[in-house]
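In case you want the letters, here they are:
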Amino acid sequence: MAPYARGLTEPTVAVENLVRGFNGRTVLDGINLTIREGEFVALLGRSGSGKSTLLRALADLDHDVAGTGLLQAPEKKSVVFQDARLLPWKRVLENVVLGLADSQADERGRAALAEVGLAGREQAWPVELSGGEQQRVALARSLVRDPALLLADEPFGALDALTRLRMHDLLRQLCQRHRPAVMLVTHDVDEAISLADRVLVLEDGRITADIAIDLPEPRGHGDPRFASIRADLLQKLGVTINH
Amino acid sequence: MSAYYVDTKHAVGGSRRQSRATAGSRAIDQRPRARRLGLGREIPYAAHLGTILVLAIWSLGSLTGFIDQRTLSAPWTVATTAVDLIIDGRLQSNLTTSAIRVALGLAFGIGIGTALAVVSGLSRWGEAIIDGPIQIKRAIPTLALIPLLILWFGIGEPMKVTVITLSVIIPIYLQTHNGLRGIDNRYVELAETLRMGHGEFIRHVVLPGALPAFLLGLRYAVTAALLSLVVVEQVNATSGLGYMIELARTYGQTSTILVGLVVYALIGLLSDGLVHIIQKRALSWRRTLAD
């Protein structure tokens, strides 16, 4: 791999000229992307823009997909899906430590559950949890693996608006504490702006915008810069707002 | 003055009572209300009502002589016959023989069926080799194999257990294979992202995921085993419940036949209940409509 000299740290993710297609239709059309260590990148795009395809390529989940390009991603990565994807026949703690072999796995699993606010629910079955709680278990399952790269595919898309806001706070805290590089795929512009260091817009398989967000925390609609970035992004996504 | 006070007290008390009464009628109605478009209120002992009615008609018919004793013995005759059969030990010894046959057939059938399903469900080579013959076997009713099996094994226990085993293998294999192949692709993806090994994947994802299907197969298997038992015991048997019934037919002992049928019914209900309990225990993680 060629050495990367952008920024002070080695990039965690490096993608060069990535092309992916299904059945002759090009979904990703020459993607170039680097994500630095600990950087939080949000990937915005309309349905069908190829955002999930890009995430799946980074997650090594795109077998049998034709494509070319260079892709460098760390071994230690974990994925949070839109559905919590807990195994219904495993209790919460077993789900968190699934596939871990070390002797302290249970202990670390408990700690991760406590961190997402689910201490005491270790022995619950997944069906006994609410949608938000299930997604928190999924976050704990990712965290316990101490990933260098966290890939999240619309992780809050199925949650109600209030739970989603609470989950944003939780994800922000977790990321500040563990500092993984993050790629969050979303179609929620507000979510992207309030969480990410950088927002990318994907359109027809190409990255058409790359905007650094350096707003102070906590970020909110009260900040006029928030509103202007929001309007800018919405325009890039082809949404015109009349107010 | 005092009278006046007393009057007011009465008046106050009275109005209080009144207001309490109105409050009572306005209080939240806590009775469980029937669904407006539902079937209406639940009937006590509903599950047993039909059975009790049938027994009542049977008893009444026997009492009045409307039902011929040679066609259908009275319930109490069946009961006394059962007691006699227990006292001279025939019922127990025949029941034990039959139970052993079913148990052996089920044990072999479940073992072989599961093993075949796992091999065929988890490897392409396994499926290529195993699935075809099983599908052909499935097309042949197991009971049609009895003549051939008699030629091979004689008329003794090996033939009987083999018939039961063969009838158990099919539902276990089919359901388990189906369950193994029907694992949600999302869980496969999850296992990949969690970097699970092949063994872990099978142990934690595939096998538990196929358990509901296996248990459904088990329920079918128990029914199939009992059906095969009834048939093999009426062919050249010298012991067992079916033999007891066949013998009773020869002597025209209707009540003994009925005792046999009652025992079959009890075995059927009991084994189904047992499988149901196993299902509930093993699948306690599920919260389905049926629970």
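Just so it is clear, the structure is predicted and the values come from calculations on it, not from any experiment.

Visitor: Quick question: what am I supposed to make of the overall build of chain A here?
Guide: From N to C terminus, chain A includes seven helices and nine strands. Its C-alpha atoms give chain A a radius of gyration of 18 Å, near enough to 18 Å, the size a compact globule of 243 residues would have. The principal-axis extents of the C-alpha atoms in chain A amount to approximately 45 × 45 × 40 Å. Here chain A holds 243 residues, and 52% of them are scored as buried. Entry remark: accessible area of chain A is about 11300 Å², with carbon and sulfur atoms responsible for 48%.

Visitor: What is the right way to read the overall build of chain B from this model?
Guide: The number of helices and strands found in chain B is eleven helices and zero strands. Traced from its N-terminal end to its C-terminal end, chain B shows the element sequence α-α-α-α-α-α-α-α-α-α-α.

Visitor: Help me out: how do you make sense of the packing of aromatic side chains in this one?
Guide: For any pair of aromatic rings, the description rests on two quantities: the centre-to-centre distance and the angle between the ring planes. Within this structure, the stated rule accounts for three aromatic pairs over all chains. Here the aromatic rings of A:Trp89 and B:Tyr187 are separated by 5.6 Å at their centres, their planes lie at 75 degrees, and the arrangement is edge-to-face. You can see A:Trp89 sitting in the loop between strand S5 (77-80) and helix H2 (92-96) and its partner B:Tyr187 sitting in helix H8 (residues 185-193), one on each of two chains. B:Tyr187 sits in the buried class, given a relative accessible area of 10%. Ring centres of A:Trp89 and B:Trp285 lie 5.6 Å apart, and the angle between their planes is 70 degrees; this geometry places the pair in the edge-to-face category.

Visitor: Just checking my understanding: could you explain the nonpolar core for this structure?
Guide: What tends to happen in soluble globular proteins is that the nonpolar side chains get buried as a cluster. Judged by nonpolar contacts, the single largest core of 67 residues is most densely connected at A:Ile31, A:Leu33, A:Leu54, A:Leu151, A:Met183 and B:Val205. Excluding residues within four positions of it along the chain, A:Leu33 makes contact with A:Val13, A:Ala14, A:Val15, A:Leu54, A:Met183, A:Arg198, A:Leu200 and A:Ile207.

Visitor: What should I look at first to understand the sheet that holds S5(A) in this one?
Guide: Within a sheet, adjacent strands bond to each other through the backbone by hydrogen bonds, running parallel or antiparallel. Residues and elements named next belong to chain A. Ordered in space as S5-S6-S7-S3-S8-S9, the six strands form an open sheet in which the pairing is mixed. Single-partner strands in this sheet number two, and they are S5 and strand S9 (206-212). Averaged over all pairs of adjacent strands, the angle between their axes in this sheet comes to 20 degrees, without regard to strand direction. Judged from the five bridges that link them, strand S3 (residues 40-45) and strand S7 (residues 181-186) form a sheet pairing that is parallel.

Visitor: What is the right way to read the side chain of A:Glu39 from this model?
Guide: All names here are of chain A. In this fold, glutamate 39 is placed in the loop between strand S2 (25-36) and S3. The class of glutamate 39 is buried, set by a relative accessible area of 5%. From its side chain, glutamate 39 meets the backbone nitrogen of arginine 36 in a polar contact 2.9 Å long. Ignoring any residue separated from it by four or fewer positions in sequence, one finds glutamate 39 in contact with Thr34, Pro180, Ala181, Val182, Asp197 and Arg198.

Visitor: How should I be thinking about the interface of chain A and chain B in this particular structure?
Guide: Accessible area lost during the coming together of the parts is what is often quoted as the interface size. In this assembly, 22 residues from chain A lie in contact with 17 residues from chain B. Its salt-bridge partner being A:Arg56, residue B:Glu189 comes within 2.6 Å of it at the nearest N-O pair. Applying the counting rule to chain A against chain B returns eight residue pairs in polar contact (both at pLDDT 80 or more). Looking at the side of chain A that touches chain B residue by residue, the class counts come to ten nonpolar, two polar and ten charged.

Visitor: Hey, could you run me through the pattern of salt bridges in this one?
Guide: Any two side chains of opposite charge can pair, on the condition that their charged atoms come close. Scanning the model with the defined rule gives 29 salt bridges over all chains in all. When salt bridges with common partners are traced through the structure, they connect A:Arg56, A:Asp83, A:Arg85, B:Asp184, B:Arg186 and B:Glu189 into a single cluster.

Visitor: What is the right way to look at the side chain of A:Arg198 in this model?
Guide: Residues and elements named next belong to chain A. One can find arginine 198 in strand S8 (residues 198-203). The class for arginine 198 is buried, based on a relative accessible area of 11%. Within the structure, the side chain of arginine 198 is placed 3.0 Å from the side chain of glutamate 39, a separation counted as a polar contact. Those residues within four positions of arginine 198 in sequence are excluded, and the remaining contacts are Leu33, Thr34, Glu39, Phe40, Val41, Ala42, Asp210, Ile211, Ala212 and Ile213.

Visitor: How do you make sense of the sheet that holds strand S1 (residues 11-22) of chain A when you look at a structure like this?
Guide: Residue and element names in this part refer to chain A. The strand order across the open sheet built from three strands is S2-S1-S4, with neighbouring strands paired in antiparallel fashion. Single-partner strands in this sheet number two, and they are S2 and strand S4 (66-72). Across the sheet, the axes of successive neighbouring strands diverge by a mean angle of 0 degrees, strand direction being ignored. Of the strands in this sheet, S1, S2 and S4 touch helix H1 (residues 51-58), which is tilted by about 125 degrees from S1.

Visitor: Explanation requested: the packing of helix H4 (residues 90-122) of chain B against helix H10 (residues 241-250) of chain B in the structure shown.
Guide: Packed helices, taken two at a time, are described by the angle their axes make and the gap between the axes. Residues and elements named next belong to chain B. In the contact formed by H4 and H10, the axes pass within 7 Å of each other and the chain directions differ by 130 degrees. The angle between H4 and H10 falls in the class oblique. Contacts from Arg90, Leu91, Asn94, Leu95 and Ser98 of H4 reach H10 at Leu241, Tyr243 and Met244.

Visitor: Could you clarify how one ought to interpret unusual backbone geometry in this entry?
Guide: With the exception of glycine, most residues fall at negative phi, and the peptide bonds are largely trans. Residues and elements named next belong to chain A. Backbone geometry at asparagine 17 places phi at a positive 50 degrees, although glycine is not the residue there. Positionally, asparagine 17 belongs in strand S1. Residue classification places asparagine 17 among the partly exposed residues on the basis of a relative accessible area of 47%.

Visitor: Can you walk me through the pairing of S1(A) in this structure?
Guide: For a regular strand, side chains alternate in direction, first toward one face of the sheet and then toward the other. Residue and element names in this part refer to chain A. With nine bridges connecting them, S1 and S2 associate as antiparallel partners. By the bridge assignment for S2, leucine 18 is matched with isoleucine 31. If you look at the hairpin formed by S1 and S2, you'll find two residues sitting between the two strands, and asparagine 23 has a positive phi there, around 50 degrees. The pairing of S1 with S4 spans six bridges and is antiparallel. When the bridges of S4 are listed, valine 15 appears paired with leucine 71.

About the cut-offs
Residues numbered from 1 in each chain as written. Chains lettered and ligands numbered in written order. Predicted model: local features only at pLDDT ≥ 70, side-chain atom pairs only at ≥ 80, totals over all residues. Heavy atoms only, no water. Helix = DSSP H or I, 4+ residues; strand = E, 2+ residues; numbered from the N terminus. Rg over C-alpha atoms; globule rule 2.2 N^0.38 Å. Buried < 20%, exposed > 50% of the residue type's maximum accessible area, 1.4 Å probe, protein only. Areas by Shrake-Rupley, 256 points an atom, 1.4 Å probe, with all protein chains shown as cover. Phe/Tyr/Trp six-rings, centres within 6.5 Å; stacked < 30°, edge-to-face > 60°. Core = buried A, V, L, I, M, F, W, Y, C linked by side-chain atoms within 4.5 Å. Contact = heavy atoms within 4.5 Å. Pairing = 2+ DSSP bridges. Axes fitted to C-alpha atoms, helices over the stretch in contact; angles between N-to-C directions. Polar contact = N/O pair within 3.5 Å; in protein donor to acceptor, adjacent residues only side chain to side chain. Salt bridge = Lys/Arg side-chain N within 4 Å of Asp/Glu carboxyl O. Nonpolar A, V, L, I, M, F, W, Y, C, P; charged D, E, K, R; others polar. Parallel < 35°, antiparallel > 145°, perpendicular 65-115°, else oblique.

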